[in-house]
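Chain by chain, the residues run as shown.
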Amino acid sequence: MEDGKPENMKDLVDRLTLGVTRILESRPGVTEVRYVEKEPAERHMIISWEQKNCCLLPEDLRNFYQMTDGFLMTWSIKFDGNNMQLGTMIINSISTLCRLGTSSIYNLPNAPTLDDLENDTDDEEPLEKPHFNSQCRIFELDCCNGNGKVCLVYKNVQSGVVSSHAEIWFLDRALFWHFLSDTFTAYYRLMLVHLGLPQWQYALTKYGISPQAKQWFNMYKPACTASIIADDDMTFINKLDPIQVFKNKNKLQNTKKKACAQLPGPQKNQTSLVTSKSASQIGSTTKKMIP
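Attention here is on the structure that accompanies the text. Values in this document were obtained by computation on a predicted structure and should not be read as measured data.

Basis of the calculations
In this convention, every chain numbers its residues from 1, walking through the sequence in written order. Reporting in this predicted model follows two pLDDT cut-offs: at least 70 for local features of residues, and 80 or more for side-chain atom pairs to be given and counted; totals over whole chains, interfaces and linings ignore these cut-offs and use all residues. Hydrogens and waters are ignored; side-chain quantities use all the structure's heavy atoms. Any two strands with at least two DSSP bridges between them are considered paired. Under the DSSP-based scheme used, a helix requires at least four consecutive residues in state H or I and a strand at least two consecutive residues in state E, with every element numbered from the N terminus. Between N-to-C directions, angles span 0 to 180 degrees; the directions come from axes that are lines fitted to C-alpha atoms, helices contributing only their stretch in contact. In what follows, a contact means two residues having at least one pair of non-hydrogen atoms within 4.5 Å. Each angle receives one of four descriptions, namely roughly parallel if under 35 degrees, roughly antiparallel if over 145, roughly perpendicular if within 65 to 115, and oblique otherwise. Ten residues, namely Ala, Val, Leu, Ile, Met, Phe, Trp, Tyr, Cys and Pro, are considered nonpolar, four, namely Asp, Glu, Lys and Arg, are considered charged, and the remaining ones, Gly among them, are considered polar. For any helix crossing, the convention is left-handed if the near helix is rotated counterclockwise from the far helix by under a right angle, and right-handed if that rotation is clockwise. Take the buried Ala, Val, Leu, Ile, Met, Phe, Trp, Tyr and Cys residues and link them wherever side-chain atoms come within 4.5 Å; each set so joined is a nonpolar core. Between buried and exposed lies partly exposed: a residue is buried under 20% and exposed over 50% of the maximum accessible area for its type, with that area taken using a 1.4 Å probe on protein chains only.

With that out of the way, let us pick up the sheet that holds strand S6 (residues 167–172). Sheets are built from strands paired through backbone hydrogen bonds, the pairs being either parallel or antiparallel. In spatial order, the strands read S4-S5-S6-S7; together these 4 strands make up an open sheet with antiparallel pairing. What marks the edges here is a single partner per strand, and that holds for strand S4 (137–142) and strand S7 (177–181). Strand-to-strand twist in this sheet, taken as the mean axis angle between neighbours without regard to direction, amounts to 35°. Pairing analysis gives 6 bridges linking strand S5 (residues 148–154) to S6, with the strands arranged antiparallel. Counted as the bridge partner of Val153 is Glu167 from S6. The strands touched by helix H5 (residues 184–193) within the sheet are S4, S5, S6 and S7, with S7 carrying the most contacts at an inclination of about 95°.

All right, on to the packing of helix H4 (residues 59–67) against H5 then. As a packed pair, H4 and H5 sit with axes 8 Å apart at the nearest point and diverge in direction by 60°. The orientation of H4 with respect to H5, classified from their angle, is oblique. When H4 is examined against H5, the residues Asp60, Leu61 and Phe64 are found in contact with a partner set consisting of Phe184, Thr185 and Tyr188. Tallied by class, residues from the contact of H4 with H5 come to 4 nonpolar, 1 polar and 1 charged.

Okay, the packing of helix H3 (residues 43–53) against H4 next. Here H3 crosses H4 at 145°, and the two axes come no closer than 10 Å. Of the two elements, H3 crosses H4, and the hand of that crossing is right-handed. The segment H3 lies against H4, with Arg43, Ile46 and Glu50 engaging Arg62, Tyr65 and Gln66. Here the residues of the contact of H3 with H4 sort into 2 nonpolar, 1 polar and 3 charged.

Right, let's talk about the sheet that holds strand S1 (residues 30–35) for a bit. Strand order across the open sheet formed by 3 strands is S1-S2-S3, with antiparallel pairing between neighbours. In this open sheet, the two edge strands, each paired with only one partner strand, are S1 and strand S3 (82–91). Within this sheet the neighbouring strands show an average axis-to-axis angle of 15°, counted without direction. Relative to S3, strand S2 (residues 71–79) is paired through 9 bridges, and the arrangement is antiparallel. By the bridge assignment for S3, Thr74 is matched with Thr88. Sheet strands in contact with helix H6 (residues 211–220) are S1, S2 and S3, and its direction is about 90° off that of S2.

Judged by nonpolar contacts, the single largest core of 47 residues is most densely connected at Leu57, Tyr65, Phe71, Trp75 and Leu152. Top contributing element to this core by residue count: H5, with 5 residues. With near-sequence residues (within four places) excluded, Trp75 lies in contact with Leu24, Val30, Glu32, Val33, Met84, Gln85, Leu86, Gly87, Met89, Leu195, Leu197 and Tyr220. Counting residues in hydrophobic clusters, the runner-up holds 9 residues, among them Phe132, Val153, Trp169 and Trp177.

Turning our attention to unusual backbone geometry. For Leu175, which is not glycine, the phi dihedral falls at a positive 65°. When you line up the elements, Leu175 lands in the loop between S6 and S7. For Gln199, which is not a glycine, the phi torsion comes out positive at approximately 65°. One can find Gln199 in the loop between H5 and H6. In this structure Gln199 comes out as partly exposed when scored by relative accessible area, which is 23%.

This is how it looks when you write it as structure tokens:
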């Protein structure tokens, strides 16, 4: 039984990650794929969380926690002779599924809160955005390594009524909201498909990912990068052809050389004309002076 446990665990991880571990291990340059095994969340912990927050976990998220209390997988590459952690996939455990925007920053009566930072000027989003007020309950699923927060959001919350419908939203560093998915299952698949690459959540926003992140996407997720570039009006790809650029430069230099070579010519001709004209004038003057 003990000999079969690693194989069973490997199969479980493979099914839990939809085969992403095998894909990463086969990629060139990937040196380590690390998955942290977690025990299932106890039933009383899930019930306690729901009672405390007056919210019911979505069925797919509840089933996920009953299988594993959170998720953590990282993978590293060889960079500049050292191992560097590049991809990170995280789902907070039930105990760290904490609510956002519940307290003031400074613990003063009139201190600013996240609700004071609301910005309703952007009406391009067709869906109703979350708000840091009593009508929304927002819980952090992933801190995104400081690049934002992936949140489980309950909207239109009523006092004394247990909320059951939740959506997955991304809160960027500028505190703007971006819709990711209707269900936890859809978000979980998005996370695996993007391999937990840096700033991958921004690929689903109108801002897009940074030029540095695009380089990593191009190396380890080229198909996704192609779709991002196709949808992005402002790309950061250098479209200049060095051969054509230097070819035009050589033409320009040759043109300048020809112009410089031809420049003394007209001066010489002009000088000879002036000389001949002066000589003829002198000759005529001399003839008039002879009696």
